[in-house]
Amino acid sequence: MTTSSRVAVCPGSFDPITVGHEDIIRRSLAFADQVLVAVAHRATQVKQGLFSVEERVAMIREVFLDEPRVEATDFTGLLVDFARDRGATLIVRGLRAVSDFEYEFQMALMNRQLRPETETLFLAPHVEHSFLSASLVREIGALGGDVRPFVSPPVMRRLRERFASTSP
Ligand code: PNS
């Protein structure tokens, strides 16, 4: 990227990436030349995951094969430090509902406190995705429900494999 390029980070757990995440990432391309989809490492998170960080990154790459402006990677440590190291000035987060707001607002203000040069941009998803979350996809998938409307084919393949290998 040239020095004048605007780089945005789209951080998250992405366990796994859903069509709701994809929608936000594609929308963020209107505000940046390059979008780094950054999967937070377990060490920075309390939650236990279904997929490893490496698998999550691989799925994001498969989903965005058609989009050279999107790069998937993982990160450890503080998000603002990762953003600084990669020359990113924007953090993009999706806001699905009022219930997301408090947590997102707190993170945005804390990230600004930690690094004032990084601005957080909240994007609203397509209304069809406003109820969607990766945790619901994991739960429905684990219980044998149909999650095809909520994830792209490469993710669906891995979910099938994962649940086939964990079912009794
Ligand atoms: O998809 P999630 O789980 O809501 O994403 C949360 C994430 C990864 C964006 C957040 O936990 C994060 O930024 N972690 C990195 C560590 C960090 O910078 N923590 C301080 C946030 S103010």
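Quantities reported herein were computed from a predicted structural model and do not represent experimental measurements.

**Student:** Could you give an account of the nonpolar core, with specific residues and numbers?
**Tutor:** If you look at the biggest cluster of nonpolar residues, it comprises 33 residues, and the most contacted ones within it are I17, I25, V35, I60 and L159. Every element with two or more residues in this core is listed here: β1 (7–12), α1 (19–28), β2 (34–40), α2 (53–63), β3 (70–75), β4 (88–94) and α6 (153–166). The leading source of residues in this core is α2, at five residues. Ignoring sequence-local partners within four residues, the contact set of L159 consists of P16, L50, F51, V137, V147 and V151. Counting residues in hydrophobic clusters, the runner-up holds eleven residues, among them L36, A40, L79 and F82.

**Student:** Hey, could you go over a nonpolar patch on the surface for me, with residue numbers and the actual values?
**Tutor:** A contiguous nonpolar patch, built from V98, F101, F105 and L109 and spanning about 400 Å² of accessible area, is present on the exposed surface. Looking at the element boundaries, F105 is found in helix α4 (residues 98–114). On the basis of relative accessible area, F105 is assigned to the partly exposed category, the value being 39%.

**Student:** Would you mind going over the packing of aromatic side chains in detail, with residue names and values included?
**Tutor:** Per the stated rule, a full pass over the model turns up three aromatic pairs. Relative to F105, the ring of F101 lies with its centre 5.0 Å away and its plane at 20°, an arrangement referred to as stacked. Of this pair, F101 and F105 both sit in helix α4, four residues apart, roughly one helical turn. F101 sits in the partly exposed class, given a relative accessible area of 38%.

Parameters at a glance
- Residues numbered from 1 in each chain as written.
- Predicted model: local features only at pLDDT ≥ 70, side-chain atom pairs only at ≥ 80, totals over all residues.
- Heavy atoms only, no water.
- Core = buried A, V, L, I, M, F, W, Y, C linked by side-chain atoms within 4.5 Å.
- Buried < 20%, exposed > 50% of the residue type's maximum accessible area, 1.4 Å probe, protein only.
- Helix = DSSP H or I, 4+ residues; strand = E, 2+ residues; numbered from the N terminus.
- Contact = heavy atoms within 4.5 Å.
- Patch = residues over 30% accessible without salt bridge, like charges linked within 9 Å, V, L, I, M, F, W, Y side chains within 5 Å.
- Areas by Shrake-Rupley, 256 points an atom, 1.4 Å probe, with all protein chains shown as cover.
- Salt bridge = Lys/Arg side-chain N within 4 Å of Asp/Glu carboxyl O.
- Phe/Tyr/Trp six-rings, centres within 6.5 Å; stacked < 30°, edge-to-face > 60°.

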